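Report on the structure
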Amino acid sequence: MRILIYGLNYWPELTGVGKYSGEMADWLRSRGHQVNVVTAPPYYPQWRVAPGYSAWKYRSEQLHHIPVTRCPLWVPSRLTTFHRIVHLASFALSSAPVVLWKAFSWRPDVVFVVQPSFLCTPAAWLASRLSRAKCWMHVQDFELDTALELGLLRGGKLGKILLAFERFWMTRLDHVSTISDHMFKHLERKGAPPESRVMLRNWVDTTQIFPAQGPNPFRQELGLSADHIVSLYSGNMGRKQGLEVLIEAADRKS
């Protein structure tokens with residue numbers, strides 16, 4: 001098949017979304033599918049565009065024999081709710097013409113749009129209809145819910161409008177997938193029809209990550225005895241991750 005992957009983050013960014021989108025593209029190509037990618041220049045987690053890339057210019061390149069088109073976006077120097085919205089909207093607007101052009105010139109069989117950002121959904125859906133392709137959204141993060149829960153985005157009329165916008169598109173996609181059981185159940189609450197919902201978990205290289213045999217060497221490195229309980233968190237360290245739960249858990253255990 002011809003698969004167009006459309007999302008804000010892509011390899012070589014260190015963010016998880018970029019990692020998984022890049023590895024998925026490589027895996028699909030290795031299985032004989034033709035893959036094309038529309039994304040932004042790498043900018044995360046430093047919140048500045050990586051050397052060799054431009055925030056204001058389109059760029060085409062080949063990564064692992066996969067054509068990648070980088071579209072402009074605005075990267076704010078100071079993060080506020082308004083700046084984040086403009087940041088996401090800038091990519092949605094600059095990438096829409098490219099995605100629509102791919103629909104005419106490349107004729108994909110699947111338009112695979114990755115959330116974040118949900119603002120890319122209308123262009124992905126329109127491109128899929130123009131090329132008679134399936135439109136598949138993969139949700140790595142319910143960004144709107146997170147913004148509302150953390151107070152980054154106020155509720156009220158604006159929140160209701162955005163949630164209605166999200167629900168409108170959820171009901172029109174051919175497939176919607178996400179990465180965990182809890183998020184999968186949330187798709188139903190968002191209005192995604194049962195026949196469209198797909199579980200697509202993230203993965204790990206089991207030749208590198210696997211249960212340790214015998215004592216964990218980290219205990220010796222950290223000077224911890226065998227009866228110490230050690231908790232490990234792997235991922236971003238930001239406001240929305242809720243890492244205070246580790247402190248609360250340690251306090252209860254003590």
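Structural data are supplied above this passage.
Quick caveat: nothing in here was measured; it's all calculated off a predicted structure.

Definitions and limits used
- Residues numbered from 1 in each chain as written.
- Predicted model: local features only at pLDDT ≥ 70, side-chain atom pairs only at ≥ 80, totals over all residues.
- Heavy atoms only, no water.
- Helix = DSSP H or I, 4+ residues; strand = E, 2+ residues; numbered from the N terminus.
- Rg over C-alpha atoms; globule rule 2.2 N^0.38 Å.
- Buried < 20%, exposed > 50% of the residue type's maximum accessible area, 1.4 Å probe, protein only.
- Contact = heavy atoms within 4.5 Å.
- Core = buried A, V, L, I, M, F, W, Y, C linked by side-chain atoms within 4.5 Å.
- Pairing = 2+ DSSP bridges.
- Right-handed = clockwise from strand over helix to strand, strands pointing away.
- Disulfide = S-S within 2.5 Å.
- Salt bridge = Lys/Arg side-chain N within 4 Å of Asp/Glu carboxyl O.
- Expected span 1.5 Å × (residues − 1).
- Bend = angle between axes of the 7 residues up to and from the residue.
- Arc of directions from axis to C-beta.
- Axes fitted to C-alpha atoms, helices over the stretch in contact; angles between N-to-C directions.
- Parallel < 35°, antiparallel > 145°, perpendicular 65-115°, else oblique.
- Left-handed = near helix turned anticlockwise from the far one by under 90°.
- Nonpolar A, V, L, I, M, F, W, Y, C, P; charged D, E, K, R; others polar.

**Observations regarding the overall build of the chain**
Tallying secondary structure elements over the chain gives eight helices and eight strands in all. Over its C-alpha trace the chain gives a radius of gyration of 20 Å, about what one expects of a compact globule, namely 18 Å for 254 residues. Across the 254 residues in the chain, those meeting the buried criterion constitute 41%. A fraction of 62% describes how many contacts in the chain between residues 6 or more apart in sequence connect residues 24 or more apart.

**Brief notes about the nonpolar core**
Membership of the largest hydrophobic core comes to 38 residues, with the highest contact counts inside it found for Y6, F91, V139 and M170. Those elements that place two or more of their residues in this core are β1 (2-6), α2 (81-105), β5 (110-115), α3 (121-130), β6 (134-139), α5 (156-170) and α6 (181-189). Broken down by element, this core gets its largest block of residues, seven residues, from α2. If sequence neighbours within four positions are ignored, M170 has contacts with Q115, F118, M137, V139, F142, V176, L187, K190, A192 and P193. Membership of the second largest hydrophobic core comes to 15 residues, among which are I5, Y10, V37 and F112.

**Concerning the pairing of β1**
Of all five residues that make up β1, four are buried, and the element is covered over most of its length. Bridge analysis of β1 against strand β2 (residues 34-39) gives five bridges, and the strand direction is parallel. Within the sheet, the bridge partner assigned to Y6 lies in β2 and is V38. Following the chain from β1 across helix α1 (residues 16-30) to the adjacent parallel β2, one finds a crossover that is right-handed.

**Observations regarding the state of the cysteines**
Tallying each qualifying case throughout the model produces zero disulfides. The structure places no disulfide on C71, whose sulfur is separated from the nearest cysteine sulfur, that of C120, by 9.2 Å. For C71, a relative accessible area of 0% corresponds to the buried category. Residue classification places C120 among the buried positions, given a relative accessible area of 1%.

**Structural notes on the pattern of salt bridges**
Counting across every chain of the model gives six salt bridges. Between E166 and K190 there is a salt bridge; the shortest N-O distance is 2.6 Å. Residue E166 is located in helix α5, and its partner K190 is located in the loop between α6 and β8 (197-199); the two are separated by 24 residues in the primary sequence. In terms of burial, E166 and K190 fall into one category: buried.

**Details of α2**
Over its 25 residues, α2 extends 36 Å from the first C-alpha to the last, a length consistent with the 36 Å expected when each residue adds 1.5 Å. Taking the largest bend as the criterion, α2 deviates by roughly 35°, centred on S95, and proline P97 comes between one and four positions later. Just downstream of α2 lies R107, where phi reads positive at about 55°.

**Considerations on α3**
All of the buried residues in α3 are T121, A123, A124, A127 and S128. For α3, the angular spread of the buried residues around the axis is 165°, confining them to a single face. Among the residues trailing α3, R132 stands out with phi positive, at a value near 55°.

**Quick word on the sheet that holds β8**
Reading across the sheet, the eight strands line up as β3-β4-β2-β1-β5-β6-β7-β8 and stay open at both edges, with mixed pairing between neighbours. In this open sheet, the two edge strands, each paired with only one partner strand, are β3 (59-63) and β8. For this sheet, the mean angle separating the axes of adjacent strands, direction not counted, is 20°. Where β2 and strand β4 (residues 66-70) come together, three bridges link them in parallel fashion. Bridging from a neighbouring strand, V37 pairs with V68 of β4. Running at roughly 170° to β1, α1 makes contact with β1, β2, β4 and β5 of the sheet.

**What about the packing of α2 against α3?**
For the pair α2 and α3, the least separation of the axes is 8 Å and the interaxial angle reads 15°. Accordingly, the angle class assigned to the pair α2 and α3 is roughly parallel. The two elements α2 and α3 cross, and the hand of that crossing is right-handed. Contacts from A96, V99, L100, A103 and F104 of α2 reach α3 at A123, A124, L126, A127 and L130. Here the residues of the contact of α2 with α3 are counted per class, giving 10 nonpolar, no polar and no charged.

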